[in-house]
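# Observations on the model geometry
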Amino acid sequence: RLAKARAKARAKELNGRVWAKAKLSVGRESRLVSKDKVGKGAVLWATNEYYLSILYSNFCSTYCGSCYRELGASPRWVCKACGCFSLCQKCDREEAKRWHEHECKLFCGVPRGMRQGDTDYLRFVCRFFSICTHGPPPTCLPGSRLTSPTKELDEIFKLRCQEGGGRAGQFLDCLATNKELQSEDFRSWCSNFAQLFKQHVEFPKGYEVGDLCDLLMRIRTNGLGFPCDDKHGTLGWSLDLYASFLDHSCSPNCEVVMDDGGKLLVRTLSDVPAGGQLLITYVDVKSRTPQERKDHLFDLYRFRCSCERCKRGE
């Protein structure tokens, strides 16, 4: 009884942390808006429980897979089987290693050719399938509450998960695929990847090739780059059950950053009025011309930016 009471209190605390200053405006296009007037520099929420993240392939052995700190010359643990997962001395815990064994087994079970070069999508899918089959990671790793999102997402699930039927992996179905907008080349790649993966890996119960294709398109549509490091720039990407609802603007009023412990922070860049939409930028505005920004956004996210900055040609 005491354990249940503590769990309930913990869930209430997390719910308040995520939704104290923001809320989902649900409709044809769901978006995040401010509950009240928020000043510049305010942290809207800070948590690592609700995102599924992957370091880029070239950073897997040089950054911690839990807190995302650079390892440098400090002691670290590196998985000898896959070579794609490292832990710093602080995050080196047995429960993290045991859970990694699930995704490692899937990764090592595909042909060597699939494990060479850029393995970002492959490692993401292995991690996702591991969550579907074995449950979320322990609290010492990101994503520990992915399968138990707060009640505010229920309406999104109802709108977008009509055909989910309670199958494995439904926790990400609240995120859009933009399937009809994806290029034919990308849809073809998704289909080929999913069918090849199916030949070598046992899918979670109720999960089919078409579901994996949808997941790959959700990654493309909703992925957020993180953390923005002064030395290397973006080190990886994630799907976040909340931050992925932040829309784009070339004049954003929010930014997504990461603290030293691997928590994802959404912070305001300017004052936001009550009910104001919370916006981030999906592209490096300073390094691209207006046309380059538009082309990049359409290529990756399949939309043409029409924000005020783009209208002015700035």
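This one's a predicted model, so the numbers in the text were calculated from it and none came from an experiment. (Residues numbered from 1 in each chain as written. Predicted model: local features only at pLDDT ≥ 70, side-chain atom pairs only at ≥ 80, totals over all residues. Heavy atoms only, no water.)

Quick look at the pattern of salt bridges now. Evaluated as defined, the whole model comprises nine salt bridges. Ionic pairing is found between Lys-97 and Glu-94, a salt bridge with its closest N-O pair at 3.6 Å. With Lys-97 and Glu-94 both in helix α2 (residues 94-108) and three residues apart, the pair spans about one turn of that helix. Exposure remark for Lys-97: the relative accessible area of 16% places this residue in the buried category. (Salt bridge = Lys/Arg side-chain N within 4 Å of Asp/Glu carboxyl O. Helix = DSSP H or I, 4+ residues; strand = E, 2+ residues; numbered from the N terminus. Buried < 20%, exposed > 50% of the residue type's maximum accessible area, 1.4 Å probe, protein only.)

In terms of nonpolar packing, the biggest core is built from 81 residues, with Trp-45, Phe-128, Phe-129, Phe-197, Leu-212, Leu-215 and Val-266 touching the most fellow members. If you tally residues by element for this core, the top one is helix α3 (residues 120-134), at eight residues. Residues in contact with Leu-215, not counting those within four places in the same chain, are Phe-124, Val-125, Phe-128, Leu-172 and Tyr-207. (Core = buried A, V, L, I, M, F, W, Y, C linked by side-chain atoms within 4.5 Å. Contact = heavy atoms within 4.5 Å.)

The N-to-C vectors of helix α5 (residues 184-200) and helix α6 (residues 209-222) enclose an angle of 130°; their axes lie 9 Å apart at closest approach. Classed by the angle they form, the pair α5 and α6 counts as oblique. For the crossing formed where α5 meets α6, the hand is right-handed. Contacts from Phe-186, Arg-187, Trp-189, Cys-190, Ser-191, Phe-193, Ala-194, Gln-195, Phe-197 and Lys-198 of α5 reach α6 at Val-209, Leu-212, Cys-213, Leu-216, Met-217 and Arg-220. (Axes fitted to C-alpha atoms, helices over the stretch in contact; angles between N-to-C directions. Parallel < 35°, antiparallel > 145°, perpendicular 65-115°, else oblique. Left-handed = near helix turned anticlockwise from the far one by under 90°.)

This brings us to the pairing of strand β1 (residues 22-25). Burial along β1 is one-sided: Ala-22 and Leu-24 are buried, while Lys-23 and Ser-25, pointing the other way, are not. Taken together, the four bridges between β1 and strand β2 (residues 31-34) define a ladder with antiparallel strand orientation. Its bridge partner lying in β2, Ala-22 is registered against Ser-34. (Pairing = 2+ DSSP bridges.)

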